[in-house]
Every structure is written in C-alpha cells, then in structure tokens.
Amino acid sequence: MINGFVVVNRISGNGTPGQVGFELFKQKVPVLCVFEGWDAAGKGGAIKRVCEMLDPRGFTVFGGDGEVGGKVTDVWVDRSEVIIRYLEVETAGGKSVLLPINFASIEGRRARVKVKAIFGHHFAQVPTLANANQVTLLEEDKITAYYGGGTLYADPSRQEPLL
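The notes below deal with the structure included here. Quantities reported herein were computed from a predicted structural model and do not represent experimental measurements.

Rules used throughout
- Residues numbered from 1 in each chain as written.
- Predicted model: local features only at pLDDT ≥ 70, side-chain atom pairs only at ≥ 80, totals over all residues.
- Heavy atoms only, no water.
- Helix = DSSP H or I, 4+ residues; strand = E, 2+ residues; numbered from the N terminus.
- Buried < 20%, exposed > 50% of the residue type's maximum accessible area, 1.4 Å probe, protein only.
- Contact = heavy atoms within 4.5 Å.
- Areas by Shrake-Rupley, 256 points an atom, 1.4 Å probe, with all protein chains shown as cover.
- Salt bridge = Lys/Arg side-chain N within 4 Å of Asp/Glu carboxyl O.
- Patch = residues over 30% accessible without salt bridge, like charges linked within 9 Å, V, L, I, M, F, W, Y side chains within 5 Å.
- Pairing = 2+ DSSP bridges.
- Core = buried A, V, L, I, M, F, W, Y, C linked by side-chain atoms within 4.5 Å.
- Phe/Tyr/Trp six-rings, centres within 6.5 Å; stacked < 30°, edge-to-face > 60°.
- Lys NZ or Arg CZ within 6 Å of the ring centre and 35° of its normal.
- Expected span 1.5 Å × (residues − 1).
- Arc of directions from axis to C-beta.

1. Thoughts on the overall build of the protein
Okay, step 1: Assigned secondary structure in the protein consists of three helices and six strands.
Okay, step 2: Reading the helices (α) and strands (β) of the protein from amino to carboxyl end gives α-α-β-β-β-β-β-β-α.
Okay, step 3: Expressed as a percentage of its 163 residues, the buried residues of the protein come to 28%.
Okay, step 4: Sequence separation of 24 or more characterises 43% of the internal contacts of the protein that already satisfy a separation of 6 or more.
Okay, step 5: Counting every atom, the protein has about 11,300 Å² of accessible surface; 56% of that belongs to carbon and sulfur.

Put into structure tokens, the structure is as follows:
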C-alpha cells in the first residue's frame with residue numbers, strides 16, 4: 001500500500017490483478033486499473049477479463065426465497081454523480097422493472113444477484129415507469145418503497161416483533 005493505494009502487479013504475489021480487483025470490489029474499495037504496453041500487447045483482453053465479473057448484465061436475479069425473479073438487462077447510472085442507481089430486471093413475464101442497487105447483492109463469480117427484500121414472485125408487481133428512459137422522483141419513491149416494504153412484509157414471519 002502506497003499513500004492509501006493498493007499496488008498490484010504480477011510479481012507482488014497478491015494473486016492476479018483480476019482476483020485482487022474482484023476482492024477489492026466485494027469490499028467496496030474504489031479501484032483504478034492502469035494498463036501499460038505497446039499496441040496489440042494484449043491489454044484489451046486483460047481489461048475484458050477484469051471487467052467481465054463486474055458487469056451484472058445477464059446475471060440471474062434471485063429473491064429472498066431463492067426463487068428466480070428475472071434477469072438483469074441493463075444498468076442505470078446517475079449521470080450527474082456517476083454512480084449506479086438501478087439494475088433493470090426483465091421478469092419471466094417480459095416486464096422490465098427497476099431494482100435499486102442498495103437492495104441488490106451482486107455475486108460476480110456465480111453470475112447472480114440476490115435480493116433479500118422481496119421474493120421471486122414479487123418482481124412482477126414492482127411499480128413500472130411511465131417513460132422507459134427516465135425515472136421521476138415519484139416513481140423512484142414508489143419503487144424504493146416497494147422494496148423497503150418487502151423488507152418488512154414479504155414474509156409473515158417478518159411482521160412479528162423481534163422481541
């Protein structure tokens with residue numbers, strides 16, 4: 001570690017850059033990868049191998065009951081803050097719904113996304129968008145409330161007092 005940065009190379013013995021990068025990703029540590037080399041030196045393939053585990057498109061989405069809720073088709077990024085806000089999920093019925101990223105647990109090596117808040121069959125009832133290309137504040141509130149309510153009420157055992 002140099003000035004708060006983890007320095008990774010093949011000689012350091014920390015594993016391959018992809019393995020170390022994935023471990024840092026799981027711990028939510030920001031990662032900057034610098035690739036140096038001549039043209040046609042294989043940088044593109046290395047970048048692809050590092051990034052393929054971090055891109056959730058095509059991953060299967062599982063609900064809190066372990067049932068399949070759908071597949072991730074797209075990632076919604078907040079342009080002003082450059083952070084991921086939502087995963088777009090296509091349900092079994094072909095409906096596209098948004099999954100707030102803070103309710104998702106992405107497992108890159110297993111190519112799946114787990115959601116503890118709601119069950120697999122609940123994805124079909126997630127509020128939809130009026131415009132497929134943007135989400136309004138009201139729609140954002142409705143979607144987040146749906147997942148938040150599922151945290152409390154998706155299963156009857158969650159409705160009982162903890163004590």
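2. A word on the pattern of salt bridges
Okay, step 1: Counting across every chain of the model gives five salt bridges.
Okay, step 2: A salt bridge links glutamate 81 to arginine 85; its shortest N-O distance comes to 3.1 Å.
Okay, step 3: What makes glutamate 81 partly exposed here is its relative accessible area of 49%.
Okay, step 4: Owing to a relative accessible area of 30%, arginine 85 belongs among the partly exposed residues under this scheme.
Okay, step 5: Between arginine 110 and glutamate 107 there is a salt bridge; the shortest N-O distance is 3.9 Å.
Okay, step 6: The network of salt bridges with common partners includes Glu107, Arg110, Arg112 and Lys114.

3. Focus on a nonpolar patch on the surface
Okay, step 1: Where nonpolar side chains cluster on the molecular surface, the patch consists of Val77, Val82 and Ile84 and spans about 270 Å² of accessible area.
Okay, step 2: Take valine 77: it is sitting in strand β2 (residues 68-78).

4. Examining the pairing of β2
Okay, step 1: Here strand β1 (residues 60-62) pairs with β2 via three bridges, running antiparallel. In the strand pairing of β2, threonine 60 is matched with lysine 71.
Okay, step 2: In this structure, the hairpin formed by β1 and β2 is closed by a connection of five residues, where glycine 66 is found at a positive phi of approximately 85°.
Okay, step 3: Here β2 folds back onto strand β3 (residues 83-90) in antiparallel fashion, the turn holding four residues, of which valine 82 has a positive phi close to 50°.

5. Re the nonpolar core
In a soluble, globular protein the nonpolar side chains are often hidden away together inside.
Okay, step 1: Formed by 20 residues in total, the largest nonpolar core has its most connected members in Val61, Leu87, Leu99, Val113, Val115, Ile118 and Tyr147.
Okay, step 2: Among the elements of the structure, β2, β3, β4 (96-100) and α3 (137-153) are those that each provide at least two residues to this core.
Okay, step 3: Excluding residues within four positions of it along the chain, leucine 99 makes contact with Val61, Arg85, Tyr86, Leu87, Val89, Ala104, Val113, Val115 and Tyr147.

6. Observations concerning the packing of aromatic side chains
Okay, step 1: Throughout the structure, instances matching the rule amount to three aromatic pairs.
Okay, step 2: Between tyrosine 146 and tyrosine 147 the ring centres are 6.0 Å apart and the planes differ by 85°, which places this aromatic pair in the edge-to-face class.
Okay, step 3: For tyrosine 146, a relative accessible area of 23% translates into the label partly exposed.
Okay, step 4: Looking at tyrosine 147, the relative accessible area reads 0%, which means it is buried.
Okay, step 5: An aromatic cluster is built from Phe103, Phe123, Tyr146 and Tyr147, whose rings are joined through pairwise contacts.
Okay, step 6: We note arginine 112 situated over the ring of phenylalanine 62; from NZ or CZ to the ring centre the distance is 6.0 Å.

7. Re α3
Every α-helix winds through 3.6 residues per turn, so residues three or four apart in the chain are directed the same way.
Okay, step 1: The first and last C-alpha atoms of α3 sit 24 Å apart over 17 residues, in line with the 24 Å expected at 1.5 Å per residue.
Okay, step 2: Considered for burial, the residues of α3 that qualify are Glu139, Ile143, Tyr147 and Gly150. Along the axis of α3, the buried positions cluster into a sector of 70°, meaning they face one direction only. Residues of α3 that are exposed and point over 90 degrees away from its buried face: Leu137, Leu138, Asp141 and Tyr153.
Okay, step 3: Tucked inside the fold, the buried residues of α3 contact β4.

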